[in-house]
Amino acid sequence: MSAASVVVLDYGFGNVRSAVRALERVGAEVELTSDPAAALAADGLVVPGVGAFAAVMAGLRAVRGDQIVDRRLAGGRPVLGICVGMQVMFEGGDEHGVLTQGLGEWPGLVERLDAPVVPHMGWSHVQPPEGSVLFDGIADERFYFVHSYAAQSFAPLGGGRLAAPQVTWAEHGVPFVAAVENGPLSATQFHPEKSGDAGAHLLANWVTHLKGL
């Protein structure tokens, strides 16, 4: 079987080079591009993201990333969001009292962490659910986080176009969503490309399943 093809969406926000290298190391054929045709054709699409929620959303819309994600998910094609690339999958983000609309794949708001020290920066354990594909073999490992905002609740979904979500939690002052697996849509609040062997294992789990979705 040929290697899985992955596009890392290049829209000006995210640690794109480190994501490309990490995916190449686990056997994917990776292209860094904002070309919609390539992003739609690949076996998997990675949406990275760092910085402010509003700026990331503006960058995505500038390259039609919102439409690309929507079309891929409508066709059951895998998408992986990383850090703010995960946050924008929710309905919206509240930063400094300013609400920005997200992609709306999941209900809920991304809000500032209520913790003694913000940002949350460093290695943390997570609590994945039984049967997780992303965390298969690495449920007890730690992953690298750098963020001040997160989704702190996840409402049950019913009747949507995606399979029922599996939600992984972590804690920094308050519990927050560390990862979601929702049919073809997966996302992590942490940076797998900066999470050493555990992060590489997670990306390998995702890449391995691309051909089967």
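Residues numbered from 1 in each chain as written. Predicted model: local features only at pLDDT ≥ 70, side-chain atom pairs only at ≥ 80, totals over all residues. Heavy atoms only, no water.

1. Regarding helix H3 (residues 53-62)
Then comes step 1: Along H3, the residues classified as buried are Phe53, Val56, Met57, Gly59 and Leu60. The arc that holds the buried residues of H3, viewed along the axis, is 160°, so those residues lie on one side.
Then comes step 2: Looking at the residues trailing H3, positive phi occurs at Arg64, about 60°. (Buried < 20%, exposed > 50% of the residue type's maximum accessible area, 1.4 Å probe, protein only. Helix = DSSP H or I, 4+ residues; strand = E, 2+ residues; numbered from the N terminus. Arc of directions from axis to C-beta.)

2. Things to note about the sheet that holds strand S11 (residues 166-172)
Then comes step 1: With mixed pairing, the seven strands of this open sheet are ordered in space as S2-S1-S3-S4-S13-S12-S11. Looking at the sheet topology across the chains shown, the edges are occupied by strand S2 (29-33) and S11. Each neighbouring strand pair of the sheet contributes to a mean axis angle of 25°, computed without reference to strand direction.
Then comes step 2: Where helix H4 (residues 65-74) meets the sheet, its contacts fall on strand S1 (5-9), strand S3 (44-47), strand S4 (79-82) and strand S13 (185-188), and the angle it forms with S3 comes to roughly 140°. (Pairing = 2+ DSSP bridges. Axes fitted to C-alpha atoms, helices over the stretch in contact; angles between N-to-C directions. Contact = heavy atoms within 4.5 Å.)

3. Considering the pattern of salt bridges
Then comes step 1: Taken as a whole and assessed by the stated rule, the structure comprises one salt bridge.
Then comes step 2: Between Arg61 and Asp66 there is a salt bridge, and its shortest N-O distance comes to 3.9 Å. (Salt bridge = Lys/Arg side-chain N within 4 Å of Asp/Glu carboxyl O.)

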